[in-house]
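# Reading the structure
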Amino acid sequence: MRKPAAKPDPASQPAAPADRQEAVDWQFAFERSEVMRAFQQELLVSIGHELRNPLSSQMGSLQLVLSDLCDSPEEEREYIQSAKESVERLIKLLEEYTRLARHDLPIQPLQPEPTQLRPLLQDVYSLTRLQAQDQGIRYEWPILQPPSVSEPSALSDSLMVWADPHGLVQALLGVCRWGIRALRYGSMALHLYPIAAAEGHLCLEWNLEGRCHVPVETKSSATWRVSERLLREMGGDLELGESGLHRVVIKVTLRLIQ
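A brief look at the structure comes next. Remember, it's a predicted structure, so these values are computed and weren't measured experimentally. (Residues numbered from 1 in each chain as written. Predicted model: local features only at pLDDT ≥ 70, side-chain atom pairs only at ≥ 80, totals over all residues. Heavy atoms only, no water.)

## Re the overall build of the protein chain
The helix and strand inventory of the protein chain stands at 5 helices and 7 strands. Reading the helices (α) and strands (β) of the protein chain from amino to carboxyl end gives α-α-β-α-β-β-α-β-β-α-β-β. Expressed as a percentage of the 258 residues in the protein chain, the buried residues total 37%. Carbon and sulfur atoms make up 54% of the accessible area of the protein chain, which amounts to about 15,500 Å² in all. (Helix = DSSP H or I, 4+ residues; strand = E, 2+ residues; numbered from the N terminus. Buried < 20%, exposed > 50% of the residue type's maximum accessible area, 1.4 Å probe, protein only. Areas by Shrake-Rupley, 256 points an atom, 1.4 Å probe, with all protein chains shown as cover.)

Structure follows, in structure tokens:
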């Protein structure tokens, strides 16, 4: 009589769910790196556009001097001094953009911690301003303006959120990049306010007004998907609050450190 087959030992079976989870994590890491690579490529193109016109203008001034077309030695010195000052400004600008373009954004698992929000937002603004400018978009982040007596800033230096600094920078870069690409022309302004219905949370809200690309699509956007997952893994959220031909609202929820 044939013996019944022995039942497999559950302990010896492969941990399929864990393997699947690991595969999903590797896939997400790859998607994060691809989104960052595309962003840095766009930033490099924008930097080239930003530097080309001023350099061409100064080359014209120096050409006048080299061709002896100035009316006097004093005029020559004025052109040379102007060119020197302009080149110095451009060198500082290039150094700053180079620093930002090489922003260290590792793709290892997130490690949330209390994080100061203002300097992080200043970096995100600097990294995305040129892309908006290239598209003719008014890029207004009033919360980053120095506070005044009549209008205190909603974004104090002491405001802390629960986030992985690198992960939050990448998530917000993706939000801004998606928003800039969603606009044909118009303005993109950032506002900040506490959420009454969710104590201990605040909302970063970008209002896009002008002419938008319709239909407004998020599911097919790798940039949106990466930002959405990063924010959720840090206890936050990303949602499209409103979308239409002339207005889009993007809302990012973050956990506050009380």
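## A word on empty space enclosed by the protein
In this approach the atoms are scanned with a rolling probe the size of a water molecule, which exposes any empty space left behind. Scanning the entire structure with this criterion turns up 2 cavities of 30 Å³ or more. Computed from the structure, the largest cavity encloses a volume of approximately 40 Å³. Looking at the largest cavity, the residues that line it are Val35, Met36, Phe39, Gln170, Leu173, Gly174, Arg177 and Thr223. Going through the elements one at a time, helix H1 (16–66) and helix H4 (165–182) are the ones with two or more residues in the lining of the largest cavity. For the lining of the largest cavity, the element with the most residues is H4, which contributes 4 residues. Partitioned by chemical class, the residues of the lining of the largest cavity number 4 nonpolar, 3 polar and 1 charged. (1 Å grid on protein atoms, 1.4 Å probe; cavity = no way out; pocket = protein on both sides within 12 Å on 5 of 7 lines; lining within 4 Å. Points joined across faces, edges and corners; volume = space filled by probe spheres on them. Nonpolar A, V, L, I, M, F, W, Y, C, P; charged D, E, K, R; others polar.)

## Looking at the pattern of salt bridges
If you walk through the whole model with that rule in mind, you get 8 salt bridges. Across the pair Arg77 and Glu74 runs a salt bridge, and its minimum N-O distance is 3.5 Å. Here Arg77 and its partner Glu74 are both found in helix H2 (residues 73–101), 3 residues apart, which amounts to about one turn of the helix. Between Asp157 and Arg118 there is a salt bridge, and its shortest N-O distance comes to 3.1 Å. On the criterion of sequence distance, the pair formed by Asp157 in the loop between strand S2 (137–140) and strand S3 (160–163) and Arg118 in helix H3 (residues 117–134) is long-range, its members being 39 residues apart. Overall, the relative accessible area of 9% leaves Arg118 in the buried class. Linked through salt bridges whose partners overlap, the residues forming this network are Glu209, Glu242 and Arg247. (Salt bridge = Lys/Arg side-chain N within 4 Å of Asp/Glu carboxyl O.)

## As for the packing of H3 against H4
Between H3 and H4, the shortest axis-to-axis distance is 10 Å and the interhelical angle comes to 35°. Once H3 is placed against H4, the crossing between them reads as right-handed. For the pair formed by H3 and H4, the contact residues are Leu117, Leu120, Leu121, Val124, Leu127, Thr128, Gln131 and Ala132 on the first element and Pro165, Leu168, Val169, Leu172, Leu173, Cys176 and Ile180 on the second. When grouped by side-chain class, the residues that make up the contact of H3 with H4 number 13 nonpolar, 2 polar and no charged. (Axes fitted to C-alpha atoms, helices over the stretch in contact; angles between N-to-C directions. Left-handed = near helix turned anticlockwise from the far one by under 90°. Contact = heavy atoms within 4.5 Å.)

## Thoughts on the pairing of S2
On S2, burial follows the alternation: Ile137 and Tyr139 on one face are buried, whereas Arg138 and Glu140 on the facing-out side are not. Sheet topology places S2 next to strand S4 (residues 183–194); 4 bridges connect them, and they run parallel. Paired with Tyr139 across the two strands is Met188, which belongs to S4. (Pairing = 2+ DSSP bridges.)

## Details of the environment of Ile47
By the secondary structure assignment, Ile47 is in helix H1. Counting along the chain gives 87 residues from Ile47 to Asp134, while the straight-line C-alpha distance between them is 9.9 Å.

## Observations concerning the packing of aromatic side chains
Applying the stated rule across the entire model yields 5 aromatic pairs. When the centroid spacing of 5.5 Å and the interplanar angle of 50° are considered together, the rings of Tyr139 and Trp141 count as tilted. An identical accessibility class is assigned to Tyr139 and Trp141; each is buried. Taken together, the aromatic side chains of Tyr125, Tyr139, Trp141 and Trp206 make up a single cluster linked through ring pairs. (Phe/Tyr/Trp six-rings, centres within 6.5 Å; stacked < 30°, edge-to-face > 60°.)

## Some words on unusual backbone geometry
Cis geometry marks the peptide bond from Val214 to Pro215, where omega comes out at 0°. With respect to the helices, strands and loops of the structure, Pro215 is situated in the loop between strand S5 (201–212) and helix H5 (222–233).

## Here's the deal with H4
Taking 1.5 Å as the rise per residue, H4 with 18 residues should run 26 Å; its terminal C-alpha atoms sit 26 Å apart, in good agreement. Most of H4 sits out of view: 15 of its 18 residues are buried. One side-chain oxygen of the residue at the start of H4 lies 3.1 Å from the amide nitrogen of His166, identifying that residue as Asp164. (Expected span 1.5 Å × (residues − 1). Polar contact = N/O pair within 3.5 Å; in protein donor to acceptor, adjacent residues only side chain to side chain.)

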